[in-house]
Amino acid sequence: MAEAQARQRGGYAGEISVPAESAVRYEVDGEIATITLDRPEKRNAQTFATWSALARIGESLPGQVRVVVVKGEGPSFSAGIDLRMFTPEGVPGQGSFSSAATSDGTAFEQRIRQAQAGFLWLRRPEIVSIAAVRGHAIGAGFQLALSCDLRIVADDVSFCMKEPALGLVPDLTGTKPLVELVGLAKAIDICLTARTVRADEAMRIGLAEQVVAGDDLDRAVRDKVAQLLSVNRDAAVATKRLLQGARGRSLEEQSVAEGQEQEARIRALFG
Ligand code: ACO
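Rules behind the numbers
- Residues numbered from 1 in each chain as written.
- Predicted model: local features only at pLDDT ≥ 70, side-chain atom pairs only at ≥ 80, totals over all residues.
- Heavy atoms only, no water.
- UniProt positions renumbered as here; feature names shortened; annotations may be inferred.
- Core = buried A, V, L, I, M, F, W, Y, C linked by side-chain atoms within 4.5 Å.
- Buried < 20%, exposed > 50% of the residue type's maximum accessible area, 1.4 Å probe, protein only.
- Axes fitted to C-alpha atoms, helices over the stretch in contact; angles between N-to-C directions.
- Helix = DSSP H or I, 4+ residues; strand = E, 2+ residues; numbered from the N terminus.
- Parallel < 35°, antiparallel > 145°, perpendicular 65-115°, else oblique.
- Contact = heavy atoms within 4.5 Å.
- Phe/Tyr/Trp six-rings, centres within 6.5 Å; stacked < 30°, edge-to-face > 60°.

Going by an unreviewed UniProt entry, the protein chain carries the name Enoyl-CoA hydratase/isomerase family protein and comes from Nonomuraea phyllanthi. As stated in UniProt under Sequence similarities (unreviewed entry), the record for the protein chain gives "Belongs to the enoyl-CoA hydratase/isomerase family."

**Digging into the nonpolar core**
Generally speaking, soluble globular proteins have nonpolar side chains that are buried together. In terms of nonpolar packing, the biggest core is built from 51 residues, with Trp 51, Val 68, Phe 159 and Leu 207 touching the most fellow members. Counting 13 residues, the second largest nonpolar core, distinct from the first, contains Val 67, Val 212, Ala 220 and Val 225.

**Regarding the packing of helix 9 (residues 233-246) against helix 10 (residues 251-270)**
When two helices pack together, their arrangement is given by the angle between the helix axes and by the axis-to-axis distance. One way to put it is that helix 9 packs onto helix 10 with a least axis distance of 10 Å and a crossing angle of 170°. As judged from the angle between their axes, helix 9 and helix 10 are roughly antiparallel. Only Gln 254, Ala 257, Glu 258, Glu 261 and Arg 265 of helix 10 make contact with helix 9, whose side of the interface consists of Asp 234, Ala 235, Ala 238, Arg 241, Leu 242, Gly 245 and Ala 246.

**Re unusual backbone geometry**
The backbone of Arg 43 sits at a positive phi, close to 55°, despite the residue not being glycine. One can find Arg 43 in the loop between strand 5 (32-37) and helix 1 (48-59). The phi torsion at Ala 194 lies on the positive side, around 50°, for a residue other than glycine. Mapped onto the secondary structure, Ala 194 falls in the loop between helix 6 (184-193) and strand 11 (196-198). For Ala 194, a relative accessible area of 16% gives the class buried.

**Describing the environment of Val 169**
Following the sequence through the fold, Val 169 ends up in the loop between strand 10 (158-160) and helix 5 (175-182). For Val 169, a relative accessible area of 59% puts it in the exposed group. Sequence spacing of Val 169 and Gly 139 is 30 residues, and the spatial spacing of their C-alpha atoms is 9.5 Å.

**A look at the packing of aromatic side chains**
According to the stated counting rule, one finds four aromatic pairs in the structure shown. On the numbers, 5.7 Å between centres and 85° between planes, the contact of Phe 48 with Trp 51 is edge-to-face. With Phe 48 and Trp 51 both in helix 1, this residue pair falls three residues apart, about one helical turn. Take Phe 48 and Trp 51: they sit in the same class, and that class is buried. An angle of 55° between the planes, with centres 5.4 Å apart, marks the rings of Phe 48 and Phe 97 as tilted. One end of the pair, Phe 48, is in helix 1; the other, Phe 97, is in helix 2 (residues 97-100), with 49 residues separating them in the sequence. Residue classification places Phe 48 among the buried residues on the basis of a relative accessible area of 8%.

As structure tokens, this is what we get:
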């Protein structure tokens, strides 16, 4: 089969199919969507097709979905970009960064923006995204975990922002959430040394919300999903919107925003 059909059990309007070369699995079960990077034999290395598939899922996510779980098949969440993309041959059918190096600035920028689109939608207020991370989360893999709202990790996790060691910068939307989570000094330390951050440190510095034994990862994620779904949906969306806006507002502005969201809630509940 040329295309692996997205499996649907929740029943929603609008089918999407994820191209097989993306090695991404996508399932919707009622209010929960699960995205699985599914190339364990290559440690879920990512290609342009991976990012296109992620973007396409984001564009067509059914309105009923409230929680999106992102995980990797096998021992590693993701070993980052497929290193073939740095060779002149590239990934068959997808080109390489070597060829992109000679493209004009606009085309290059467009390619990066397309790749980033696969990551950015995971922050939408309408959903809560959870990265379930075991083993390696390197480069693009680390950034995919950072693009989610929450990270629940196995005790064998190892995060590494390897890009600077390869002469690159992290450009898949990971730098802002990293700084916001751990602070500028720690982000500089992690990125400019390309060192590994393991589970205990990830928990201590705020990179992970929860560390569990590897065998317990799926259960821990299921429990978190159940907790998230137990809260009123519209209140959750409005509260996430408030929390996301808080950093950019003064206390006074944030208080006003709280009042406005609350007015809408009270009218919806009792009006
Ligand atoms: N791109 C392409 N293939 C990869 C990648 C990758 N990023 N990572 C692993 N693979 C392949 C290996 O080549 C190997 O293939 P083979 O079986 O055909 O030889 C297979 O996946 C398994 O890899 P191993 O190295 O044998 O697995 P191990 O568990 O021992 O190590 C690790 C995993 C640490 C992730 C190692 O594979 C590694 O260092 N990979 C490269 C990481 C990297 O530099 N990523 C780029 C970051 S920068 C960015 O993302 C922008």
